[in-house]
Amino acid sequence: MRKNLPFFIASFVVVVVVLVKLAGRDDSTPSLVGSGNISNTPASSSIPSTTTTSSAPAPVATSYKDGTYTGTSVNVFYGNVQVQVTVSGGKMTNVRFLDYPQDRGTSVMINSQAMPLLQSEAIQSQSANVDTISGASFTSQGFVQSLQSALSQAS
Amino acid sequence: MGMPVILEVTGEAGEVSEEVFKYLESVDNKFSTYKEDSEISKINKGLTKEGDYSEEMKKVLSLSEEIKHRTNGYFDIKTPKGNLDPSGLVKGWSIYQAAKILDERGIDNYYLSIGGDVEVRGKNQKGQGWSVGIQHPFEQDKIVKAIHLNKGGVATSGIYLQGSHIYNPTDGSAANDVVSLTVIGPDVYQADVYATAAFAMGKEGINFIEGLKEYEGYMIDKEGIATMTSGFERYVR
């Protein structure tokens, strides 16, 4: 049974600023996926920071060239750490540990998900063979105008 | 401007669909700023004392205070003119309340949609979980994804361009790289609040959703590249 009823509500858009914690430590130890050339040159760390906090909805400015990149091996006192990064579609899509400290008596906890590694894809058009649709086109012009003005205050 | 309300029930609904539409009409009569004699319009004209507010009005105003507090004042139902306009909350919240009516009446298989926000329960007429399409931001009679769920809510926040990928830099639409952000969650009210918040964050929004347990998201940027949270794929068949 199906019914439609015009229902008049204006949409009101708000700008929200939220403290976002992008990553945290967990207890998993990454498995060694492969080994690359290990050199002991001290260099600035190639490990991304494990937690990031941002307090403004700034757009992400970085864009990387596609490819696979191996960081320098970094001595972190209890051993060496080396990562390999894959960039696809201008974004980091994978980070692997090529080396991590593993020959000490104490167990070493490393967060292998140091940053959100979210999958990306190009959207694909398909015909709407579904029960219903979720979309933003039902919103009123007021929504768009309100959002623009809110965003211009936020930037 | 109106938004369509769609209620689809698998099997017999009986009187309950009338009850649901009556309820939604009463919500509109209370909260629509387009209706001169709605409760909110009267409040904005100073015609109603605070002690005389309806229970629902008090509830919604109190919820909006809570969210305003949680977001350090950025989510505020007060318009620049000084009027109250809670419609950003009311859409998702009223679906949530209507779903309670259906649940209480023992209706186990339905979906209820208002303006692109969808709450689902159970199965469709084919005996499968409900399929919800994510609208294509540039070809509006198409979808970009079909997601399937038995219980929960789907909300999409966004701005759609009129048939073109090209942003007009002079009208401010280039301010946001994200054209659409869909959130799936345990209920459509929360999904809507988070979709709205995440959309305003630009490309960081999808990371915000990733950080929320029980919520998954699908964000589309103006180039037509989508980024999804790590648990999103379980909703895609």
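Model, not experiment: these values are computed from the prediction. (Residues numbered from 1 in each chain as written. Chains lettered and ligands numbered in written order. Predicted model: local features only at pLDDT ≥ 70, side-chain atom pairs only at ≥ 80, totals over all residues. Heavy atoms only, no water.)

## A short note on the overall build of chain B
Counting its secondary structure elements, chain B contains 6 helices and 9 strands. Burial status across chain B gives 60% buried among its 237 residues. Contacts spanning at least 24 positions in sequence make up 55% of the contacts within chain B whose residues lie at least 6 apart. Surface accessibility of chain B: about 10100 Å² in total, with carbon and sulfur atoms responsible for 46%. (Helix = DSSP H or I, 4+ residues; strand = E, 2+ residues; numbered from the N terminus. Buried < 20%, exposed > 50% of the residue type's maximum accessible area, 1.4 Å probe, protein only. Contact = heavy atoms within 4.5 Å. Areas by Shrake-Rupley, 256 points an atom, 1.4 Å probe, with all protein chains shown as cover.)

## Here we look at the overall build of chain A
For chain A, the count of helices and strands is 1 helix and 10 strands. The N-to-C order of helical and strand elements in chain A reads β-β-β-β-β-β-β-β-β-β-α. Here the analysis covers contacts within chain A between residues at least 6 apart in sequence; of these, 60% occur between residues at least 24 apart. Put simply, chain A shows about 8900 Å² of open surface, and 51% of that area lies on carbon and sulfur atoms.

## Considering the packing of aromatic side chains
Residue and element names in this part refer to chain B. Across all of its chains, the model carries 6 aromatic pairs over all chains by this definition. Their ring planes at 75° and their centres at 6.3 Å tell us that Phe31 and Trp93 sit as a pair that is edge-to-face. With Phe31 in helix H1 (residues 16-31) and Trp93 in helix H4 (residues 87-104), this residue pair connects regions lying 62 residues apart in the sequence. A residue is classified by how much of its surface remains accessible, and Phe31, at 3% relative accessible area, is buried. Residue classification places Trp93 among the buried residues on the basis of a relative accessible area of 5%. Taking 5.2 Å as the distance between ring centres and 75° as the angle between the ring planes, the aromatic pair formed by Tyr111 and Trp130 counts as edge-to-face. Of the two residues, Tyr111 is situated in strand E2 (residues 110-114) and Trp130 in strand E4 (residues 130-135); the sequence distance between them amounts to 19 residues. Exposure remark for Tyr111: the relative accessible area of 1% places this residue in the buried category. (Phe/Tyr/Trp six-rings, centres within 6.5 Å; stacked < 30°, edge-to-face > 60°.)

## Describing H4 of chain B
Residue and element names in this part refer to chain B. In a regular helix each residue adds 1.5 Å, so 18 residues correspond to 26 Å; H4 covers 25 Å between its end C-alpha atoms and thus fits that length. Among the 18 residues that make up H4, 13 are buried, leaving the element largely enclosed by the rest of the structure. Following H4 by one or two positions, Gly106 has its phi on the positive side, about 80°. (Expected span 1.5 Å × (residues − 1).)

## Some points on the pattern of salt bridges
All names here are of chain B. By the definition in use, this model includes 11 salt bridges over all chains. We note a salt bridge from Arg105 to Glu19, for which the minimum N-O separation is 2.6 Å. In this pair, Arg105 sits in the loop between H4 and E2 while Glu19 sits in helix H1, placing the two residues 86 residues apart along the sequence. Taking the relative accessible area as the measure of exposure, Arg105 reaches 45% and is therefore partly exposed. Classification of Glu19 as partly exposed rests on a relative accessible area of 30%. A salt bridge links Arg234 to Glu216; the shortest N-O distance between them is 3.5 Å. A residue pair is termed long-range when its members are at least 10 positions apart, and Arg234 in the segment after strand E9 (225-228) and Glu216 in strand E8 (residues 216-221) qualify at 18 residues. Here the residues in one salt-bridge network are Asp103, Glu119 and Arg121, joined through shared partners. (Salt bridge = Lys/Arg side-chain N within 4 Å of Asp/Glu carboxyl O.)

## Details of the nonpolar core
Residues and elements named next belong to chain B. Ranked by internal contacts, the top residues of the largest apolar core, which has 56 residues, are Leu7, Phe208 and Ile209. The element that contributes the greatest number of residues to this core is helix H5 (residues 188-200), accounting for 9 residues. In this structure, Val120, Val132, Ala226 and Tyr235 belong to the second largest nonpolar core, which totals 21 residues. (Core = buried A, V, L, I, M, F, W, Y, C linked by side-chain atoms within 4.5 Å.)

## Re the packing of H1 of chain B against H4 of chain B
Each packed pair of helices is defined by two parameters, the angle between the axes and the distance between the axes. Residue and element names in this part refer to chain B. Remark: H1 packs on H4, axes separated minimally by 10 Å, with the N-to-C direction vectors making an angle of 150°. Taken together, the axes of H1 and H4 lie roughly antiparallel to each other. As H1 runs across H4, the sense of the crossing is right-handed. In contact with Val16, Glu19, Val20, Tyr23, Leu24, Val27 and Phe31 of H1, H4 contributes Val90, Trp93, Ser94, Gln97, Ala98, Ile101 and Leu102. (Axes fitted to C-alpha atoms, helices over the stretch in contact; angles between N-to-C directions. Parallel < 35°, antiparallel > 145°, perpendicular 65-115°, else oblique. Left-handed = near helix turned anticlockwise from the far one by under 90°.)

## A word on H5 of chain B
Residues and elements named next belong to chain B. End to end, H5 covers 18 Å across 13 residues, agreeing with the expected 18 Å (1.5 Å per residue, within 8%). Of all 13 residues in H5, 12 are buried; the element is thus mostly enclosed. The set of residues buried in H5 consists of Val188, Tyr189, Ala191, Asp192, Val193, Tyr194, Ala195, Thr196, Ala197, Ala198, Phe199 and Ala200. Near the N-terminus of H5, the side chain that reaches the backbone nitrogen of Tyr189, with its oxygen 2.9 Å away, is that of Asp187. At the C-terminal side of H5, Gly202 shows a positive phi close to 70°. (Polar contact = N/O pair within 3.5 Å; in protein donor to acceptor, adjacent residues only side chain to side chain.)

## A closer look at unusual backbone geometry
The phi dihedral of Glu214 of chain B falls on the positive side, at around 75°, and the residue is not glycine. For Glu214 of chain B, a relative accessible area of 58% gives the class exposed.

## Describing the sheet that holds strand E10 (residues 132-134) of chain A
The sheet built from 4 strands is open, its strands ordered E9(A)-E5(B)-E4(B)-E10(A) with mixed pairing. Bordering the open sheet on either side are strand E9 (126-127) and E10 of chain A, each of which pairs with just one other strand. (Pairing = 2+ DSSP bridges.)

## Some thoughts on the confidence of the model for chain A
Residues and elements named next belong to chain A. Taken residue by residue, chain A gives an average pLDDT of 54. The fraction at 70 or more is 31%. Per-element mean pLDDT across chain A ranges from 26 in strand E2 (residues 20-21) up to 93 in strand E8 (residues 119-122). Here residues 104-115 is modelled with pLDDT under 50, and outside its nearest four sequence neighbours on either side it reaches 27 contacts, counting other chains as well. In the predicted structure, residues 139-147 sits below a pLDDT of 50 and forms 16 contacts with residues beyond four places in sequence or in another chain. (pLDDT = per-residue confidence, 0-100.)

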